[in-house]
Amino acid sequence: VTMPPALRKFALATHLAFSVGWIGAVIAYLALSLAAMTSRETQMVRAAWIGMELTGWYVIVPLALASWLTGLLMALGTKWGLFRHYWVLFSFVLTTFATVILLLHMPDVSVLVDMARETEGAALDSGGEHVLSRLSQGDLLHPGLGLAVLLLIQVLNVYKPRGMTRYGWRKEHEQRRALQRSKQGRTVLQP
Amino acid sequence: LADPTSSETEHDGAKQAPGPGMPRWVKISLVIAILVVLAFVVTWLLGVQHGPSLHEPPQGSGDNVSSIEQPVDRP
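All values reported here derive from a predicted model rather than from experimental measurement.

Take the overall build of chain A next. Counting its secondary structure elements, chain A contains seven helices and zero strands. Moving toward the C terminus, one meets the helices and strands of chain A in the order α-α-α-α-α-α-α. At 24 Å, chain A has a C-alpha radius of gyration far larger than the 16 Å of a compact globule built from 191 residues. The C-alpha extent of chain A, read off along each of the three principal axes, is 95 × 30 × 20 Å. Burial status across chain A gives 45% buried among its 191 residues. Working note: accessible area of chain A is about 10500 Å², and carbon and sulfur atoms make up 68% of it. Considering chain A, the positive charge centre built from 18 side chains and the negative charge centre built from 11 side chains are found 32 Å apart.

Below, the structure written as structure tokens:
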């Protein structure tokens, strides 16, 4: 199924907005994480983590799901297909992987933020050293690797490295044959 | 994901790939992916903390959130 040109452009614009927004939101998350790691003020650390949780659940997760879905629609609704070209397949697998890791990681962030919320500021300073030390470790690994994966996907989408899958070759061959047959049929019919 | 506005030449470039064999960049990417998965499995088997357990208070310390919330009565 191929989308009409107007719908294709709209879908592409939507997909780009979601994908670029996802990358931007991850960078904002990293900035908050760095703030939590570098600050010595308890309230600042806690506020940064609360901001990270809000950004994660209300911005990054919706953008990731929307980007995954619009990417799938773009692949299936255009001539590129989902399984015809390696770069499309790789992009889809990497996006799925990043989304799954994100959905598995966010509950951990919520656990930490709940711990920080449940402790009073004074208690966090005095009795909750381990909570503060955990919060001060920040969260760089997951968003850092996630950002690297997203940039890799972006590079794949921009450069579109050549290479067709076996399925893609077979489909291409079938389409060429069908085209040749239709051309031969026309030449026979013409006087 | 897929950019339908790209020129036909780009699409033709994909068509002109020599045969249905796997391109070099795909092979290298697959090798890297396998190495990453192996590294993850090895760290998991070695018991490196990851996930929710990383955020739990150390066992035996008795220093958990509930103990922070509930003030201890001292004489």
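Next comes the rest of the description.
A separate point is the overall build of chain B. Looking only at helices and strands, chain B features three helices and zero strands. Tracing chain B from N to C terminus, the helices and strands come up as α-α-α. Among the 75 residues that make up chain B, the fraction classed as buried is 19%. Carbon and sulfur atoms make up 64% of the accessible area of chain B, which totals about 5600 Å².

A cluster of nonpolar side chains, Val37(B), Phe40(B), Val41(B), Trp44(B) and Leu45(B), forms an exposed patch at the surface whose accessible area comes to about 580 Å². Locating Leu45(B) in the fold gives a position in helix H2 (residues 24-45).

Residue and element names in this part refer to chain A. If you look at the biggest cluster of nonpolar residues, it comprises 41 residues, and the most contacted ones within it are Trp22, Trp49, Ile60 and Leu135. Elements supplying a minimum of two residues to this core: helix H1 (5-38), helix H2 (42-76), helix H3 (86-118), helix H5 (129-136) and helix H6 (141-159). Per-element tally for this core: the top contributor is H3, with 14 residues. Among residues more than four places away in sequence, those in contact with Leu135 are Ala36, Val45, Trp49, Leu112 and Ala116.

Let us look at the pattern of salt bridges. All names here are of chain A. Considering all chains together, one arrives at two salt bridges over all chains under this definition. When the shortest N-O distance is used, the salt bridge between Arg117 and Glu53 registers 3.4 Å. Taken together, the positions of Arg117 in helix H3 and Glu53 in helix H2 put the pair 64 residues apart, joining distant regions of the chain. Arg117 is the salt-bridge partner of Asp114, the closest N and O atoms lying 3.9 Å from each other. Pair noted here: Asp114 and Arg117 are both in helix H3, with a separation of three residues, about one helical turn.

Next up on the list: the packing of aromatic side chains. Residues and elements named next belong to chain A. The tally for this structure, following the rule as stated, stands at three aromatic pairs over all chains. On the numbers, 5.2 Å between centres and 75 degrees between planes, the contact of Trp80 with Trp87 is edge-to-face. Trp87 shares its class with Trp80; the two are buried.

Analysis parameters
- Residues numbered from 1 in each chain as written.
- Chains lettered and ligands numbered in written order.
- Predicted model: local features only at pLDDT ≥ 70, side-chain atom pairs only at ≥ 80, totals over all residues.
- Heavy atoms only, no water.
- Helix = DSSP H or I, 4+ residues; strand = E, 2+ residues; numbered from the N terminus.
- Rg over C-alpha atoms; globule rule 2.2 N^0.38 Å.
- Buried < 20%, exposed > 50% of the residue type's maximum accessible area, 1.4 Å probe, protein only.
- Areas by Shrake-Rupley, 256 points an atom, 1.4 Å probe, with all protein chains shown as cover.
- Lys, Arg positive; Asp, Glu negative; His and termini not counted.
- Charge placed at Lys NZ, Arg CZ, Asp CG, Glu CD.
- Patch = residues over 30% accessible without salt bridge, like charges linked within 9 Å, V, L, I, M, F, W, Y side chains within 5 Å.
- Salt bridge = Lys/Arg side-chain N within 4 Å of Asp/Glu carboxyl O.
- Core = buried A, V, L, I, M, F, W, Y, C linked by side-chain atoms within 4.5 Å.
- Contact = heavy atoms within 4.5 Å.
- Phe/Tyr/Trp six-rings, centres within 6.5 Å; stacked < 30°, edge-to-face > 60°.

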